[in-house]
Amino acid sequence: MDSEAVLLLETVNFAAEKHRNQRRKDPEGTPYINHPIGVARILSYEGGVTDIEVLQAALLHDTVEDTDTTSEELEAKFGPIVTHIVQEVTDDKRLPKQERKRLQVEHAPHCSQQAKLVKLADKLYNLRDLNACVPVGWSAERVQEYFVWAAEVVKGLKGTNLALEEELEKLFKQRGLQL
Ligand SMILES: Nc1nc2c(ncn2[C@@H]2O[C@H](COP(=O)(O)OP(=O)(O)O)[C@@H](OP(=O)(O)OP(=O)(O)O)[C@H]2O)c(=O)[nH]1
Ligand SMILES: [Mn+2]
């Protein structure tokens, strides 16, 4: 087996262990790990991305934000490039939610190309997920607000990956939003 396959399995296993007690917000409580795996899969299968560090960062992208994982831990196990991409897509959970959301819109255009790819795939996964089923406690208005905000973030990511941007544009159009 080639060394990149070994590395991807090592990465997905690390993410699965870190997210093992977490569930998605859908009524069925889908295992959280389905999300990072799906984000990495969007990048490879739909986006044609073969950059192993981007695929690893996609698998790890919510570990620092949502679990006890530290950047130091990622750096020791996966190296500085993967760790930096994850840091770029990590919200500071100590900030109020509104501020975190505003900072994503502000920072998106200044991210590295690698981080922009992960952000595009993360938004595409989450928007498709919202169309498939509404998180527990979310109103239709809250779902629409998420689309409006996501469109603002994605505007700042334009010119990164045509296939993913086209898929996102379709979803925004269905909601009456323009990129
Ligand atoms: N659509 C959907 N999202 C769910 C579900 N379960 C968990 N999430 C996560 O919830 C986040 C979006 O919910 P919000 O209320 O806007 O944000 P918050 O969790 O950070 O407070 C996303 O975080 P994220 O991946 O860090 O992305 P981002 O929204 O911060 O860009 C998404 O992955 C689900 O069942 N459906
Ligand atoms: Mn995510």
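Keep in mind the model is a prediction, meaning the values are calculated, not measured. (Residues numbered from 1 in each chain as written. Chains lettered and ligands numbered in written order. Predicted model: local features only at pLDDT ≥ 70, side-chain atom pairs only at ≥ 80, totals over all residues. Heavy atoms only, no water.)

A.B. asks: An account of the nonpolar core is requested, with residue identities and associated values reported.
C.D. replies: L43, L60, L127, F147 and F172 are the most contacted members of the largest nonpolar core, which totals 46 residues. At the level of elements, α1 (3-18), α2 (34-46), α3 (52-60), α5 (71-78), α6 (80-88), α8 (113-132), α9 (140-155) and α10 (162-174) are the ones that each hand at least two residues to this core. Element by element, the count of residues in this core is highest for α8, at 9 residues. The residues touching L60, leaving out its near neighbours within four places in the chain, are T11, F14, A15, L74, F78, V82 and V86. (Core = buried A, V, L, I, M, F, W, Y, C linked by side-chain atoms within 4.5 Å. Buried < 20%, exposed > 50% of the residue type's maximum accessible area, 1.4 Å probe, protein only. Helix = DSSP H or I, 4+ residues; strand = E, 2+ residues; numbered from the N terminus. Contact = heavy atoms within 4.5 Å.)

A.B. asks: I'd like a rundown of the UniProt feature "domain: HD" (unreviewed entry) in the protein, residues and numbers included.
C.D. replies: The UniProt record annotates "domain: HD" (unreviewed entry) at residues 32-127. From the first C-alpha to the last, residues 32-127 spans 16 Å; its make-up is 72% helix and 0% strand. (UniProt positions renumbered as here; feature names shortened; annotations may be inferred.)

A.B. asks: An account of the side chain of D91 is requested, with residue identities and associated values reported.
C.D. replies: Residue position: D91 is located in the loop between α6 and α7 (97-107). R100 provides the closest opposite charge to the buried, salt-bridge-free D91, at an N-O distance of 4.2 Å. (Lys, Arg positive; Asp, Glu negative; His and termini not counted. Salt bridge = Lys/Arg side-chain N within 4 Å of Asp/Glu carboxyl O.)

A.B. asks: Help me get a handle on the packing of α7 against α9, residues and values and all.
C.D. replies: Axis separation between α7 and α9 bottoms out at 8 Å; the angle between their running directions is 35°. Side by side, α7 and α9 meet where K97, K101, Q104 and V105 of the first sit next to R142, Y146, W149, E152 and V153 of the second. When the residues that make up the contact of α7 with α9 are grouped by side-chain class, the tally is 4 nonpolar, 1 polar and 4 charged. (Axes fitted to C-alpha atoms, helices over the stretch in contact; angles between N-to-C directions. Nonpolar A, V, L, I, M, F, W, Y, C, P; charged D, E, K, R; others polar.)

A.B. asks: Please provide a residue-by-residue account of α10, values included.
C.D. replies: In a regular helix each residue adds 1.5 Å, so 13 residues correspond to 18 Å; α10 covers 19 Å between its end C-alpha atoms and thus fits that length. Buried within α10 we find L164, E165, L168, L171 and F172. An end-on view of α10 places all buried positions within 120° of arc, on one side of the element. Of the residues in α10, the exposed ones pointing more than 90 degrees away from the buried face are L162, K173 and Q174. Elements that come into contact with the buried residues of α10 comprise α2, α8 and α9. Just beyond α10, the residue with positive phi is G176, at close to 75°. (Expected span 1.5 Å × (residues − 1). Arc of directions from axis to C-beta.)

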